[in-house]
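Chains, contacts and geometry: an overview
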Amino acid sequence: MAVDRGRYTCLVEAGDGKGRRRGKGGKGGKGGGDAAATGRIVVAMKARELGRKGIVVGDRVALVGDVSGAPDTLARVVRVESRSSILRRSADDTDDTDGVERPVVANADQLVIVTALADPPPRPRMIDRMLVAAFDADIEPLLCLTKSDLAPPEELVSLYAPLGVPYVVLRKGGSLEEIREHLRDRVSVLVGHSGVGKSTLVNALVPDANRAVSHVNAVTGRGRHTSTSAVALELPDGGWIIDTPGVRSFGLAHVSVETVLAGFPDLVEGTVHCPKGCTHLGDDCALDAWVSAGHADPARLLSLRRLLASREGAADDDQPSGPDDRRR
Ligand SMILES: Nc1nc2c(ncn2[C@@H]2O[C@H](COP(=O)(O)OP(=O)(O)OP(=O)(O)O)[C@@H](O)[C@H]2O)c(=O)[nH]1
Ligand SMILES: [Zn+2]
């Protein structure tokens, strides 16, 4: 489902609670759009009993009332199902001033970090922050390196090799086979700064005819999504991509050292001799000696420290580089 100023655009799939395309969708789809082929689009508002509970893109919800999807009808969302994952941004992100963590996308399987190899140049600090957000949300990351016609991918790829993050290399007009394989039957959130080629990629992956959700938003006459709301697009091969225009980064203020460390099971044992509350960034950290003794790959420790350090500071990495950006 998609959210637009208090109106929730929901896809009702007959006989399938998973929200994935199974080809069993009900007919109808009078709400417009090509979703008729896979399910019924129903526009709904939040029922009063849900109170202040947020509903975000990707949520699975229970609907009551007029769920016909006919024009000018409005159903009610009475329940939000529990989420398998949640991506949130917190106080340090752009337009959040109240210090509250806000969920952005629910139930995603994969975080696709879109980065150009040149024009604009890659920003490892931004990538690191996105990786931490993926760890935190328990979502698998995928590095999507665009504009390979302008620069080779090797240097950036080697920077992330110790983390074992999967990646795809793309160029405009080039083959999409590999990325389609990664996206098939999954719910993937796309993030990336302006100009990296995200729209180019989305347009190539999702022919306009299949842009069901954004299309229906237009039909409701409520205008399209606001600049900060996410929109879910169904992929022709099955699966969804959720575009997040306006979400430039995820707030990481709430992410603990332990959460990041959990992504490095090979290093956890080495932390038993660390001082209490060790940030693993200071001179008193026991990991240096442990790695020097040959217990783990030094590149992994470097990666851990880069990710830990990336949590600090502003969400927007246009700020001057920190010491950990030296390999940029
Ligand atoms: N050389 C080259 N240019 C590309 C490639 N992909 C996209 N571009 C160009 O890069 C520019 C930005 O692409 P967009 O797809 O608009 O980028 P975006 O990330 O959606 O940026 P915003 O629309 O600002 O959010 C456009 O001029 C594209 O034509 C590529 O693979 N190679
Ligand atoms: Zn330590």
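Residues numbered from 1 in each chain as written. Chains lettered and ligands numbered in written order. Predicted model: local features only at pLDDT ≥ 70, side-chain atom pairs only at ≥ 80, totals over all residues. Heavy atoms only, no water.

A look at the overall build of the chain
For the record, the criterion: Helical segments are the DSSP runs of H or I of at least four residues, strand segments are the runs of E of at least two, and each set is numbered from the N terminus. Here's how the labels work: a residue is buried when its accessible area is under 20% of the maximum for its type, exposed when over 50%, partly exposed in between, all with a 1.4 Å probe on protein chains only. For this analysis, residues touch if any pair of their heavy atoms sits within 4.5 Å. Values of accessible area rely on a 1.4 Å probe in the Shrake-Rupley scheme; residue burial ignores everything except the protein chains shown.
Along the backbone of the chain there are nine helices and 13 strands. A total of 328 residues make up the chain; the buried ones form 49% of that total. In the chain, 69% of the contacts between residues at least 6 apart in sequence involve partners at least 24 apart. Carbon and sulfur atoms provide 50% of the accessible area of the chain, an area that totals close to 15,100 Å².

Focus: unusual backbone geometry
A negative phi angle characterises most non-glycine residues, just as the trans form characterises most peptide bonds. Going from Asp119 to Pro120, the amide bond is cis rather than trans, its omega being 0°. Tracing the backbone shows Pro120 in the loop between strand E8 (110-116) and helix H1 (124-137). Here the phi dihedral of Asp185 falls at roughly 60°; this positive angle occurs in a residue that is not glycine. Within the element layout of this structure, Asp185 appears in the loop between helix H3 (177-183) and strand E11 (187-191). Here His280, not a glycine, exhibits a phi torsion of approximately 60°, which is positive. Its location among the elements puts His280 in the loop between helix H7 (265-268) and helix H8 (287-292).

A look at the coordination of the zinc ion (ligand 2)
In plain terms, the rule: Coordinating N, O and S atoms are those within 2.8 Å of the metal (3.2 Å for Na, K and Ca), and as water is not part of the atoms, a site may appear to have fewer donors than expected. Every angle between 85 and 135 degrees makes a four-donor site tetrahedral, while opposite donors more than 155 degrees apart, with all other angles between 65 and 115, make a four-donor site square planar and a six-donor site octahedral; other sites are irregular.
Coordination sphere of the zinc ion (ligand 2), protein contribution only: Cys274 (SG), Cys278 (SG), His280 (ND1) and Cys285 (SG), at 2.1 to 2.4 Å. Considering all four donor atoms around the zinc ion (ligand 2), the spread of angles at the metal, 102 to 115°, places the coordination shape in the tetrahedral class. Counting residues between consecutive donors of the zinc ion (ligand 2) along the chain gives the motif C-x3-C-x1-H-x4-C. Both residues of the pair, Cys274 and His280, count as buried.

Description of helix H4 (residues 198-205)
For clarity, the threshold we go by: In this description, one arc is meant: the one made by directions from the helix axis to the C-beta atoms.
Taken residue by residue, H4 has Lys198, Leu201, Val202 and Leu205 as its buried positions. The buried side chains of H4 occupy one side of the element, clustering within an arc of 95° when seen end-on. Those residues of H4 that are buried lie in contact with E8, strand E9 (140-146), H3, E11, strand E12 (231-234) and strand E13 (240-243).

Considering the sheet that holds strand E10 (residues 167-169)
Using the following cut-off: Pairing between strands is defined by DSSP: at least two bridges between them are needed. For helices, the fitted line uses only the C-alpha atoms of the stretch in contact; every axis is such a line through C-alpha atoms, and the angle between N-to-C directions lies from 0 to 180 degrees.
Reading across from one edge, E10-E9-E8-E11-E13-E12 is the order of the six strands in this open sheet, with mixed pairing throughout. Both outer strands of the open sheet, E10 and E12, are each paired with one neighbouring strand and no more. Along the sheet, successive strands turn relative to each other by an average axial angle of 25°, direction set aside.

Some points on the packing of H1 against helix H9 (residues 298-310)
To be explicit about the condition: Roughly parallel means an angle under 35 degrees; roughly antiparallel means over 145; roughly perpendicular covers 65 to 115; every other angle is labelled oblique.
The interhelical angle for the contact between H1 and H9, taken along N-to-C directions, is 90°, at an axis separation of 8 Å. In terms of orientation, H1 lies roughly perpendicular with respect to H9. The segment H1 lies against H9, with Arg125, Asp128, Arg129, Leu131, Val132 and Phe135 engaging Arg306, Leu307, Ala309 and Ser310.

What to know about the site of ligand 1
The test is simple: Proximity is defined per residue: if any heavy atom of the residue lies within 4 Å of a molecule or strand, that residue is considered near it. By the criterion applied in these results, polar contacts are pairs of N or O atoms within 3.5 Å in which, for protein atoms, one can donate a hydrogen and the other can accept it, and in which residues neighboring in sequence qualify only through two side-chain atoms. Each residue receives one of three labels: charged for Asp, Glu, Lys and Arg, nonpolar for Ala, Val, Leu, Ile, Met, Phe, Trp, Tyr, Cys and Pro, and polar for the others, Gly being one of them.
For ligand 1, the set of nearby residues contains 13 residues, the closest of which are Lys172, Ser194, Gly195, Ser199 and Thr200. One of the backbone nitrogen or oxygen atoms of Gly197 is found 2.9 Å away from an oxygen atom of ligand 1. For ligand 1, the accessible surface in isolation is 650 Å², of which the surrounding protein chains cover 64%. Partitioned by chemical class, the residues of the shell around ligand 1 number two nonpolar, six polar and five charged.

Let's talk about the environment of Asp66
As for its placement among the helices and strands, Asp66 is situated in the loop between strand E4 (61-65) and strand E5 (75-80). You can call Asp66 partly exposed: its relative accessible area is 34%. As for Asp66 and Ala44, which are separated by 22 residues in sequence, their C-alpha atoms are 8.9 Å apart. Those residues in contact with Asp66 that sit more than four places away from it in its chain are Val42, Thr73, Leu74 and Ala75. Polar side-chain contacts of Asp66 include one of 2.6 Å to the side chain of Ser68.

Structural notes on the environment of Asp109
You can see Asp109 is positioned in the loop between strand E7 (102-106) and E8. Its relative accessible area of 22% is what places Asp109 among the partly exposed residues. For the pair Asp109 and Pro141, spaced 32 residues apart in sequence, the C-alpha separation works out to 8.8 Å.

Looking at the pairing of E13
On E13, burial covers both faces: Trp240 and Ile242 on one face and Ile241 and Asp243 on the other are all buried. Sheet topology places E11 next to E13; four bridges connect them, and they run parallel. By the bridge assignment, Val189 is partnered in E13 with Ile242. Relative to E13, E12 runs antiparallel, the two being bridged by four bridges. Looking at the pairing, Val231 lines up with Asp243 of E13. Between the end of E12 and the start of E13, which pair antiparallel, lie five residues, with Gly238 showing a positive phi angle near 100°.

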